[in-house]
Amino acid sequence: MKNQEENEPQLYFPDDLISEYTAFKERVYSPKSVLYPSCDFEASSIKVFDNVTFVDINSKPIELMKKAGFKAYAQNIKDYKPAEAHDLLILLNPAIPTEWASRHLLSGAWIISNNYHGNASEMHS
């Protein structure tokens, strides 16, 4: 029988994303401020970028991120009020429209996204 701690959700740091973020940072752009909304328990960006802000309506992963010392907010991205705009947005499998998060970006900011929920198509059109 597994102990209770093994059944508890934990933050995860996929090696493939760490590699992709590292390549982006080294070859494309080194951001000063990263916004990662709708992140759930995925926190690999913190292993590569210095200043990551996690925002999610699910409080459980946010509590774990705060315990780990990460900047994290349990709230809807529509209600998020950053002190300064971000220069990189990460949208991987978000359950939100791109516009809700992209309003918090500097002009000319970068976005790393997939198209699982149509975000890349939304940005393209």
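Calculation rules
- Numbers given for residues are sequential positions, taken from 1 along each chain in its written order.
- With pLDDT at 70 or above as the cut-off, local features in this predicted model cover only qualifying residues; side-chain atom pairs require 80 or more to be listed or tallied, and sums for whole chains, interfaces and linings still use all residues.
- Side-chain metrics rest on all non-hydrogen atoms present in the structure, leaving aside hydrogens and water.
- Secondary structure follows DSSP: runs of H or I at least 4 residues long count as helices, runs of E at least 2 residues long count as strands, and numbering of each begins at the N terminus.
- For this analysis, residues touch if any pair of their heavy atoms sits within 4.5 Å.
- The rule is simple: take the accessible area with a 1.4 Å probe, protein chains only, and divide by the maximum for that residue type; under 20% is buried, over 50% is exposed, in between is partly exposed.
- Salt-bridge detection follows one rule: a side-chain nitrogen of Lys or Arg within 4 Å of a carboxyl oxygen of Asp or Glu.
- Stacked, tilted and edge-to-face are the three classes applied to pairs of Phe, Tyr and Trp rings, where Trp contributes its six-membered ring and a pair requires centres within 6.5 Å; stacked means planes under 30 degrees apart, edge-to-face means over 60, and tilted covers the rest.
- Charge over a ring is defined by NZ of Lys or CZ of Arg lying within 6 Å of the ring centre and within 35 degrees of the ring normal.

Focus: the overall build of the protein chain
So, point 1. Each helix and strand counted, the protein chain has 5 helices and 5 strands in total.
So, point 2. Starting at the N terminus and ending at the C terminus, the protein chain contains elements arranged as α-α-β-β-α-β-β-α-β-α.
So, point 3. For the protein chain, the proportion of contacts with a sequence separation of at least 24, taken over those separated by at least 6, is 45%.

Notes on unusual backbone geometry
So, point 1. The phi dihedral of serine 38 falls on the positive side, at around 55 degrees, and the residue is not glycine.
So, point 2. On the basis of relative accessible area, serine 38 is assigned to the buried category, the value being 17%.
So, point 3. Of note in this structure, aspartate 40 is not a glycine but carries a positive phi near 60 degrees.
So, point 4. Here aspartate 40 shows up in the loop between strand 1 (34-37) and strand 2 (52-56).
So, point 5. Residue aspartate 40 is classed as partly exposed on the basis of its relative accessible area, which comes to 31%.

Structural notes on the pattern of salt bridges
Any two side chains of opposite charge can pair if their charged atoms end up close together.
So, point 1. Summed over all chains, the structure comprises 2 salt bridges.
So, point 2. Glutamate 8 is paired through a salt bridge with lysine 60; the nearest N and O atoms lie 3.9 Å apart. A residue pair is termed long-range when its members are at least 10 positions apart, and glutamate 8 in the loop between helix 1 (4-7) and helix 2 (15-27) and lysine 60 in helix 3 (residues 59-67) qualify at 52 residues.
So, point 3. Residue classification places lysine 60 among the partly exposed positions, given a relative accessible area of 33%.
So, point 4. The salt bridge involving glutamate 99 is made with arginine 103; its shortest N-O contact spans 2.9 Å.
So, point 5. What makes glutamate 99 partly exposed here is its relative accessible area of 42%.

Topic: the environment of proline 31
So, point 1. Its location among the elements puts proline 31 in the loop between helix 2 and strand 1.
So, point 2. Taking C-alpha positions, proline 31 is 9.6 Å from valine 52, a pair spaced 21 residues apart along the chain.
So, point 3. The contact partners of proline 31, leaving out residues within four places of it in the chain, are Phe49, Asp87 and Leu88.

Side note on the packing of aromatic side chains
So, point 1. What the rule picks out here adds up to 6 aromatic pairs.
So, point 2. A ring pair is formed by phenylalanine 54 and phenylalanine 70, whose centres lie 6.0 Å apart and whose planes are at 35 degrees; its orientation type is tilted. Residue phenylalanine 54 is located in strand 2, and its partner phenylalanine 70 is located in the loop between helix 3 and strand 3 (71-74); the two are separated by 16 residues in the primary sequence. You'll find phenylalanine 54 and phenylalanine 70 in the same group, each marked buried.
So, point 3. Directly above the ring of phenylalanine 13 sits lysine 47, whose terminal nitrogen or CZ lies 4.5 Å from the centroid.
So, point 4. In this arrangement the basic side chain of lysine 78 is found over the ring face of tryptophan 100, its NZ or CZ atom lying 4.3 Å from the centre.

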